[in-house]
Amino acid sequence: MLIEVHILQNFAPSNLNRDDTGAPKDCEFGGYRRARISSQCLKRAMRKHFREIPLLSDQLGWRTKRLADEIVQKLEQKGKNPDESRAVVQTAMKGVGLSFGKEQRTQYLLFLGKTEIENLADACVRYWAELSAGAVAAQQDQAAKKAKGKKEEKKSGKEAIPAEVRNTFLQVLDGGKAADIGLFGRMLADLPDKNVDAACQVAHAISTHKVSVEFDYYTAIDDLKPDETPGADMIGTVEFNSACFYRYANVDLDQLVANLDDDEELARKTLEAFLRAAVEAIPTGKQNSMAAQNLPSLVMAVARNSGLCSLANAFVQPVRPDSEGDLVRNSITALDAFWGKLARMYGSAGVAGTWVATTENDVLEQFKDARVDNVEKLIQAAVKASRLEPAAREAQA
Amino acid sequence: MRTLLIRLAGPMQAWGTQSRFSIRDTGLEPSKSGVIGLLCAALGKPRDESDPGPWPSLAQLASLRMGVRVDREGSMKADFHTAGGTHRKGEVYGVYRASGGISPDAVPSTRYYLANADFLVGLEAGDSGLLVSLDRALSEPKWQLYLGRKSFVPSVPIRLPDSPPFGPSVREQALEEALRSYPWFLMTGSGDEPPDKLRLVIETDTQAAEVRRDVPVCFATRRFALRMVKTEFIGRNELLVEDVSL
């Protein structure tokens, strides 16, 4: 099953994603120049959004320190000394290439449940002796170096820890439970062992209308310069535009579950996080000076078993504001009409469910039956349609 | 001879065969390796062939003779792409280097693509067994289909519908005949005009033709073999133009 999300989002003047010349990215579609936000820019905005906004409960995020805290806590529960535990965990994590400083974080969004923490703690307990020895050796090494006045060197602890501990940690940190790797694939890595094929597909956002280049001519003046001296100290132009984008993304649930080591509950949470991020995340290009924080005017989710296809062709003929409606309303009308045409031509046998949430309810015709009141209901409906199993209730409290 | 016809159309497409490192190119029409890769995605056939599974072999797929009719030439554009780079203090967001470390700097690349292109692709085989199973796979693909790069989603379903005028997808015709006789659809209201001539790029075994290195031998190790293609044209008068008001 696939979950598709289609979005119409109109932005105030902005330059969210620019090319090497500093101009907003563009492309040609239907014979006219359109504004574009690249797929990689949208994906990055979503990944960042995952980390900064806790979209879901028990989201561990990406701080190795926090992961270490959780394991230490579990070790303490097993009766180990807290300081020793911390040293042991530190050694183990160093051994898999995660340096452990104040600021250190893993790259990935980790959802770690009780089982994973338990496994990591168990691995530490089983090899307690070796890891403690490793920790002591590392400390002595550092002390000796300090005494000699040399700079503290981060010893590559990879050889220092037993293979089983290393593998257990790697299994957890290396993508088995990393929701964002499962979705977007392995792109950036500090532990690059496995290749992960992305479960989601994010299209480049294309404006529904034609767009021309606009320039903001600016000057910068030195406040401290003498009053008598006329002229600016710096002049230039910044390019920008304002566009109503059609955005498309989909998630292949089978691939997502496979990427997350067959953890259906995690896949369900990840799907929810993905849908939320798709709606809420906005790229940050030039936002300090433009502040174009605009939410979508239409969000549509489609659950289907086959036949996925972008609705970009609704906008082959560029949309224009006219007496019938403004740019956003006319874009929604075009999308609505095109959905009907596509269904007539290709049938809708593959579609399992459609939900539309929009600010312009009165414009919908083909989508009338798919209307939901708000985005929250849309997300819940799409997640429910995915039929991924929610967590079974635990027997003990 | 039988031919399977598929449509590859979308706002952006890229079919590269010659790229090295950070400049990713595209040809002016779909490559055979790209199309076969797309069929493998529909089948759910992995890159690694060590387990043959229920799918046809890559050799079998590569033996299909491919032709492309360019219904609309795309314009070649470049997408400027950066990966990595440190954006905030303390954040390491690096691209992995071949030498083993992480690059602290952003790695820029230029990725060429075809904007607004539309292709009709034909695959010819002696009998229809393989073609029918490929058609079935395309109607219910196992993995997401895309036009050369994963973010280039098709805007028209790749598989043709079952009934005329747009279908059926498997034709009892040889490759050239199938490509020449398939209608060119004028979408009323799109402002498109039927072109003076359409370009055809067809696989051939004449030595004097153009060479393409896009016959997949192994996707896992990225090995490709050569094939020859020739370019022909269909004139406006030979073209069957159908006016489709959806």
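Residues numbered from 1 in each chain as written. Chains lettered and ligands numbered in written order. Predicted model: local features only at pLDDT ≥ 70, side-chain atom pairs only at ≥ 80, totals over all residues. Heavy atoms only, no water.

This part covers the overall build of chain A. In terms of helices and strands, chain A carries twelve helices and twelve strands. Looking at the 397 residues of chain A, the share that counts as buried comes to 53%. The long-range fraction of contacts in chain A, counting pairs at least 24 apart against all pairs at least 6 apart in sequence, stands at 77%. Summing over all exposed atoms, chain A offers an accessible surface of approximately 18,700 Å²; the carbon and sulfur share of this is 46%. (Helix = DSSP H or I, 4+ residues; strand = E, 2+ residues; numbered from the N terminus. Buried < 20%, exposed > 50% of the residue type's maximum accessible area, 1.4 Å probe, protein only. Contact = heavy atoms within 4.5 Å. Areas by Shrake-Rupley, 256 points an atom, 1.4 Å probe, with all protein chains shown as cover.)

This part is about the overall build of chain B. A count of helices and strands for chain B gives four helices and 13 strands. Here the C-alpha atoms of chain B give a radius of gyration of 20 Å, agreeing with the 18 Å that 2.2 N^0.38 yields for 246 residues. Seen through its C-alpha atoms, chain B measures out along the principal axes to roughly 65 × 45 × 40 Å. Looking at chain B as a whole, 50% of its 246 residues qualify as buried. For chain B, contacts bridging at least 24 residues in sequence account for 75% of all contacts bridging at least 6. Total accessible area computed for chain B in this model is approximately 11,400 Å², and 52% of it derives from carbon and sulfur atoms. (Rg over C-alpha atoms; globule rule 2.2 N^0.38 Å.)

Counting residues in hydrophobic clusters, the biggest one holds 74 residues, and the most contacted among them are Leu335 of chain A together with Leu8, Phe119 and Leu138 of chain B. Ignoring anything within four residues of it in the chain, the contact list for Leu138 of chain B reads Leu4, Ile6, Leu38, Leu39, Ala42, Leu145, Ile158 and Arg159 of chain B. (Core = buried A, V, L, I, M, F, W, Y, C linked by side-chain atoms within 4.5 Å.)

Right, let's get into the interface of chain A and chain B. Taken residue by residue, the interface counts 50 residues in chain A and 43 residues in chain B. Summed over the shared surface of chain A and chain B, the result is four salt bridges. Here Glu28 of chain A and Lys77 of chain B are joined by a salt bridge, their closest N and O atoms 3.6 Å apart. In this structure, the connection of chain A to chain B is made through 16 residue pairs in polar contact (both at pLDDT 80 or more). Counting residues per element, the ones that place at least two in the side of chain A that touches chain B are strand E2 (26-29), helix H1 (39-52), strand E6 (200-202), strand E10 (244-252) and helix H11 (327-346) of chain A. Taken together, the residues of the side of chain A that touches chain B sort by class into 20 nonpolar, 16 polar and 14 charged. (Salt bridge = Lys/Arg side-chain N within 4 Å of Asp/Glu carboxyl O. Polar contact = N/O pair within 3.5 Å; in protein donor to acceptor, adjacent residues only side chain to side chain. Nonpolar A, V, L, I, M, F, W, Y, C, P; charged D, E, K, R; others polar.)

In this section: the side chain of Gln13 of chain B. Residues and elements named next belong to chain B. Examined against the element boundaries, Gln13 turns out to sit in strand E1 (residues 2-13). At a separation of 3.2 Å, a polar atom in the side chain of Gln13 contacts the main-chain carbonyl oxygen of Leu8. Not counting the four nearest positions on each side in its chain, Gln13 is found in contact with Leu8, Thr26, Tyr113, Leu114, Ala117, Asp118, Phe119, Leu147 and Phe152.

A separate point is unusual backbone geometry. Residue and element names in this part refer to chain B. For the bond from Pro164 to Pro165, the omega torsion is 0°, close enough to zero to count as cis. With respect to the helices and strands, Pro165 occurs in the loop between helix H3 (129-139) and strand E8 (170-171). The phi angle at Phe21 is positive, at roughly 55°, despite the residue not being glycine. Summarising the element assignment, Phe21 is placed in the loop between E1 and strand E2 (23-24).

Residues and elements named next belong to chain A. Topologically, Glu360 is positioned in the loop between strand E12 (351-358) and helix H12 (375-386). Within polar-contact distance, the side chain of Glu360 engages the side chain of Arg329 at 2.8 Å. Glu360 has contacts with Arg329 and Ile332, leaving out every residue within four places of it along the chain.

Before going further, it helps to spend a moment on the packing of aromatic side chains. The relative placement of two aromatic rings is captured by the distance of their centres and the angle of their planes. A complete count under the given rule lists seven aromatic pairs over all chains for this structure. Here the aromatic rings of Tyr246 of chain A and Phe315 of chain A are separated by 5.6 Å at their centres, their planes lie at 45°, and the arrangement is tilted. Residue Tyr246 of chain A is located in strand E10, and its partner Phe315 of chain A is located in the loop between strand E11 (298-304) and H11; the two are separated by 69 residues in the primary sequence. Like Tyr246 of chain A, the residue Phe315 of chain A is buried in the burial classification. Consider the rings of Phe219 of chain B and Phe224 of chain B, whose centres lie 6.5 Å apart with planes at 70°: the pair is edge-to-face. (Phe/Tyr/Trp six-rings, centres within 6.5 Å; stacked < 30°, edge-to-face > 60°.)

This next bit is on H11 of chain A. All names here are of chain A. The first and last C-alpha atoms of H11 sit 28 Å apart over 20 residues, in line with the 28 Å expected at 1.5 Å per residue. Measuring from the backbone nitrogen of Val328 back to the side-chain oxygen at the start of H11 gives 3.0 Å, which picks out Asp326 as the cap. Gly347 occupies a position one or two residues after H11 and carries a positive phi of about 80°. (Expected span 1.5 Å × (residues − 1).)

Moving on to a positive patch on the surface. Together, Arg20, Arg24, Arg213 and Arg222 of chain B give the surface a local cluster of positive charge. Relative to the assigned elements, Arg20 of chain B resides in the loop between E1 and E2. (Patch = residues over 30% accessible without salt bridge, like charges linked within 9 Å, V, L, I, M, F, W, Y side chains within 5 Å. Lys, Arg positive; Asp, Glu negative; His and termini not counted. Charge placed at Lys NZ, Arg CZ, Asp CG, Glu CD.)

This part takes up the confidence of the model for chain B. Averaged over every residue, the pLDDT of chain B is 88; the share at 70 or more is 92%. If you check the scores for this complex, the pTM reads 0.83 and the ipTM reads 0.85. (pLDDT = per-residue confidence, 0-100.)

On to the pairing of strand E1 (residues 2-10) of chain A. All names here are of chain A. Burial within E1 is extensive, with eight of its nine residues counted as buried. Relative to E10, E1 is paired through nine bridges, and the arrangement is antiparallel. Within E10, the residue paired with Ile3 across the bridge is Val251. (Pairing = 2+ DSSP bridges.)

Our next topic: the pattern of salt bridges. Residues and elements named next belong to chain B. By the definition in use, this model includes 34 salt bridges over all chains. We note a salt bridge from Lys230 to Glu232, for which the minimum N-O separation is 3.5 Å. Using a relative accessible area of 26% as the deciding quantity, one classes Lys230 as partly exposed. Here the salt bridges share partners, and the residues they tie into one network are Arg65, Glu124, Glu176, Arg180, Lys230, Glu232 and Glu238.

Turning our attention to a negative patch on the surface. All names here are of chain A. A surface patch of like charges, here negative, comprises Asp261, Asp262, Glu264 and Glu389. One can find Asp261 in the loop between helix H8 (253-259) and helix H9 (264-280). Among the residues examined, Asp261 registers a relative accessible area of 45% and is labelled partly exposed.

What follows deals with the pairing of E2 of chain A. Residues and elements named next belong to chain A. Burial along E2 is one-sided: the face carrying Cys27 and Phe29 is buried and the face carrying Asp26 and Glu28 is not. Two elements, E2 and strand E3 (residues 32-37), share four bridges in a ladder whose sense is antiparallel. Bridging from a neighbouring strand, Phe29 pairs with Tyr32 of E3. The turn joining E2 and E3, which pair antiparallel and follow one another in sequence, is formed by two residues; a positive phi near 65° is taken by Gly30.

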